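For reference, the chains in residue letters:
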Amino acid sequence: MQVLPTNIINYKKIKVGVKNFFLKNQIIIVPLLFLLLFVSLYFLIDFSTQSLVAHDEGLYARRARLIEYSDNWFSPPFPSPHHKTLGSYWFIALSIRLFGKSELALRLPSILSSFLCLISSYLIALKITNKQTALISLYSLSSIPLWIQYSRYASPDIPFVLSILLVILFFLKSLDSSEYTKQSFYIFISGLFVSTSFFIRSYMAFVPLIGLSPFIFYHLLNKKYSFKFFFCTGILIGSIPTFLNLYFSVKKFGIVGITALFDFAKKQAVGDVSFNNFLFLPLNFLYLTFPIGILIIILLVFTRSNNKTNYPLLTYCYPILSLTLLLCMSTSYPHYYLFLLPPLSIIFATFIKSYSFRYTFSRSAIGYLLLILTLFLSSLLIFSVFNYKDLVILYSQGNPVIVYIITSLLILSYLTSIRFLFDYKQLSFNLINFFFNIVIPQYISLSLLFNFGVLGNPNYKIKLFLKDISVSSIANSNTIYLFSVDSKIKTLLLYYLPSSKVIDGSEGIRKYKYVITSNKNSFNKLDEQQFFIPVKKFDKHSLLMNITN
């Protein structure tokens, strides 16, 4: 009889043991593995492929670095009155101090805040509805293109959204708690984040706070005086950084240190209401929130929600009132709507989890509308990839394979999702499966595109230019002067080259040793151009060296 070696026997025992362990615990292991994948897509970013987006990222980065360098965390370190409270730059400045001057440091506050926003939004949805609906809202929010973009953007927008979510979460926890001490603590923390949100985002905090006011006041009126006191005390204590900021601003610039803040708010909010704002919903809304935006419109038209919500003033009144205020503002940008994405995802989850059809033809109408949409998107992706090969190669930095793989994944997800809309092989009409079949590949695809610099990396040529040995050796030991440089490029260069200075006029330009300028600007018309030779070029700009010095 043949005797098997001991190592083979042990290997078989280990294999059987591992298999049995997995089968017994697959309910825990599979979600855990998926959670690890989900988290890794948030944090495994190749920052060597990232570059700042001008203007906003460059401006926030430069101002935050100035705060960190000057140690003026309350007094504005700017030469003129500033239109924002310093909380707009605090998190980025703190990250720079901890991790240095890199894209990782600049974008880490948004990445961490976004992750905490998902957890907070899930906990809020859990209190409003149920566990399954909260889970759908979590996947909805994490897959929205606008959310993915700003989760990797150096700005205060996502930390601001986190503050608003914490106002809501702790207020709900105070309502649900049965212990007086916990109620007092939670409502105090909720008030604390009310004023913190203003310190982070200035006047923009009024929009969601006004939207929340019916919900907050309704429940506060039914509370004892002590709870109102703790809520107001939290607001007052949380306002200390703002008061200090305004005090030092007045001390440095006079009353204009305060009026500049509110003049900017007035300019943004008051004026002629543009019809472009009202076009945001049917145009930008659809692709910036895909597929949640289009699905929720279809559900609102053809279905009724059977899901009960515990706080209708929070679930429906808050986003509707806030959206109305935004649409009435004279100036509006997509990132102004970021704080509405968590409530939007909760409303969507509420509808898709349990609904009834409004009309007899609702089921077939939804199926055919989504069929047309998925086929149209698949055709559009195929057309774009094959007809814009040069752009694919350019934005993928010469490595288009990742774009082709991700495009194939998206097209496959669209086509395979169709099976949940019709009775093929006894598959029932299932919008939830249709939703998950699209959003999970979308979340993975968009995250990879951002993580590896195919998206969110518009100025990589500037970084390549600055990393060049001939340029870096000059920049490390010399002041570089910027003359007639494009404003967006100038913003980034002032961050990446902190010792650089801007030249306002052409008079006396010959006295400067190194100058960066545009190839097609007025510099070519100056007589002094014969005294400069090019060192390195990028796009339309050149680093010039004065050969007479």
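Analysis parameters
- The residue numbering used here restarts from 1 in each chain and proceeds along that chain's sequence as written.
- Only residues with pLDDT of 70 or above have their local features reported here, since the model is predicted, and side-chain atom pairs are shown and tallied only from 80 upward, although totals for entire chains, interfaces and linings are computed over all residues.
- With hydrogens and water set aside, each side-chain value is computed from the structure's full complement of heavy atoms.
- The term salt bridge refers to a pairing of a side-chain nitrogen on Lys or Arg with a carboxyl oxygen on Asp or Glu at a separation within 4 Å.
- In DSSP terms, a helix is any run of H or I states spanning at least four residues, a strand is any run of E spanning at least two, and both are numbered starting from the N terminus.
- Exposed residues in this analysis have more than 50% of their type's maximum accessible area, buried residues have under 20%, and partly exposed residues fall in between, with area computed by a 1.4 Å probe over protein chains only.
- What makes two residues a contact is simply this: any of their non-hydrogen atoms within 4.5 Å.
- What qualifies as a polar contact is a pair of N or O atoms within 3.5 Å, subject to a donor-acceptor requirement within protein and to the restriction that residues adjacent in sequence count only when both atoms come from side chains.
- Pairing of aromatic side chains requires ring centres within 6.5 Å, counting the rings of Phe and Tyr and the six-membered ring of Trp. Pairs whose planes differ by under 30 degrees are stacked, by over 60 edge-to-face, and all others tilted.
- Working rule: Lys NZ or Arg CZ, within 6 Å of ring centre, within 35 degrees of ring normal, means a charge sits over the ring.
- Only buried residues count toward a nonpolar core, which is a set of Ala, Val, Leu, Ile, Met, Phe, Trp, Tyr and Cys residues joined through side-chain atoms within 4.5 Å.
- Criterion used throughout: strands pair if DSSP finds at least two bridges between them.
- All axes here are fitted lines through C-alpha atoms, helices being fitted over the stretch that makes contact, and every angle between N-to-C directions spans 0 to 180 degrees.

S.K.: Sorry, what's going on with the pattern of salt bridges here?
M.R.: Opposite charge on two side chains permits them to pair, given that their charged atoms come into close proximity. Counting across every chain of the model gives nine salt bridges. Arg 97 serves as the salt-bridge partner of Asp 71, at 2.5 Å between the closest nitrogen and oxygen. Here the residue Asp 71 occupies a position in the loop between helix 3 (56–70) and helix 4 (87–99), and Arg 97 occupies one in helix 4, the gap between them amounting to 26 residues. Taking the relative accessible area as the measure of exposure, Asp 71 reaches 45% and is therefore partly exposed. Take Arg 97: its relative accessible area is 40%, and that puts it in the partly exposed class.

S.K.: It is not clear to me how the side chain of Ser 202 should be interpreted in this structure. Could you clarify?
M.R.: Here Ser 202 shows up in the loop between helix 9 (180–201) and helix 10 (206–221). Accessibility expressed as a relative area gives 2% for Ser 202, which makes it buried. With near-sequence residues (within four places) excluded, Ser 202 lies in contact with Lys 84, Thr 85, Ser 197 and Leu 261.

S.K.: What is the right way to read the side chain of Asn 451 from this model?
M.R.: Relative to the assigned elements, Asn 451 resides in helix 22 (residues 431–451). For Asn 451, the side chain forms a polar contact with the main-chain oxygen of Leu 41, separated by 2.9 Å. For Asn 451, the side chain forms a polar contact with the side chain of Arg 152, separated by 3.0 Å. Asn 451 has contacts with Leu 41, Leu 44, Ile 45, Asp 46, Thr 49, Gln 50 and Arg 152, leaving out every residue within four places of it along the chain.

S.K.: Would you mind going over unusual backbone geometry with me for this structure?
M.R.: The bulk of non-glycine residues show a negative phi, and the bulk of peptide bonds are trans. With omega at 0°, the peptide bond leading from Phe 290 into Pro 291 counts as cis. Positive phi outside glycine occurs at Ser 202, with the angle close to 55°. Positive phi, normally seen in glycine, also occurs at Asp 539, with a value near 50°. By secondary structure assignment, the location of Asp 539 is in the loop between strand 6 (532–538) and strand 7 (541–546).

S.K.: I would appreciate a short explanation of the packing of aromatic side chains in the present structure.
M.R.: How two aromatic rings sit relative to each other is given by the distance of their centres and the angle of their planes. Counted under the stated rule, the structure contains 37 aromatic pairs. Pairing Phe 43 with Phe 115 gives two aromatic rings, centres 5.4 Å apart and planes at 65°, and the pair type is edge-to-face. Pair noted here: Phe 43 is in helix 2 (residues 26–43) and Phe 115 is in helix 5 (residues 103–128), with a separation of 72 residues, a long-range link. Note on Phe 215 and Tyr 311: the rings are 5.9 Å apart at their centroids and 80° apart in plane angle, and the pair reads as edge-to-face. Of this pair, Phe 215 sits in helix 10 while Tyr 311 sits in the loop between strand 1 (303–305) and helix 17 (312–327), placing them 96 residues apart in sequence. Among the residues examined, Phe 215 registers a relative accessible area of 1% and is labelled buried. Here a set of aromatic residues connected by ring pairs shows up, and it is made of Phe 38, Tyr 42, Phe 43, Phe 115, Tyr 139, Phe 348, Phe 435, Phe 436 and Tyr 443. Over the aromatic face of Phe 227 sits the side chain of Lys 223, whose NZ or CZ is 5.2 Å from the ring centroid.

S.K.: Explain the environment of Val 401 here, please?
M.R.: Here Val 401 lies in helix 21 (residues 401–417). With 44 residues separating them in the primary sequence, Val 401 and Ser 445 have C-alpha atoms 13 Å apart.

S.K.: Any chance you could explain the nonpolar core here in plain terms?
M.R.: Most often, soluble globular proteins have nonpolar side chains that are buried together. Trp 147, Leu 314, Leu 326, Phe 348, Leu 431 and Phe 435 are the most contacted members of the largest nonpolar core, which totals 110 residues. Counting residues per element, this core draws most heavily on helix 8 (residues 157–176), which supplies 13 residues. The next biggest cluster of nonpolar side chains, apart from the first, holds 34 residues, and it includes Ala 54, Ile 462, Ala 475 and Leu 482.

S.K.: Even after reading the chapter, I still don't get the sheet that holds strand 6, so can you show me in this structure?
M.R.: Across a sheet, strands are paired by hydrogen bonds formed along the backbone, either parallel or antiparallel in direction. Ordered by their spatial adjacency, five strands build an open sheet running 4-3-5-7-6, and the pairing between neighbours is mixed. Looking along the sheet, the strands with just one partner apiece sit at the ends: strand 4 (501–503) and strand 6. Looking at each pair of strands side by side, their axes are set apart by 30° on average, direction ignored. Bridge count between strand 3 (residues 480–483) and strand 5 (residues 514–518): four bridges; the pairing is parallel. Within strand 5, the position partnered with Tyr 481 by the bridge is Val 515. Taken strand by strand, helix 24 (residues 469–477) contacts strand 3, strand 5, strand 6 and strand 7, and its axis lies near 115° from that of strand 6.

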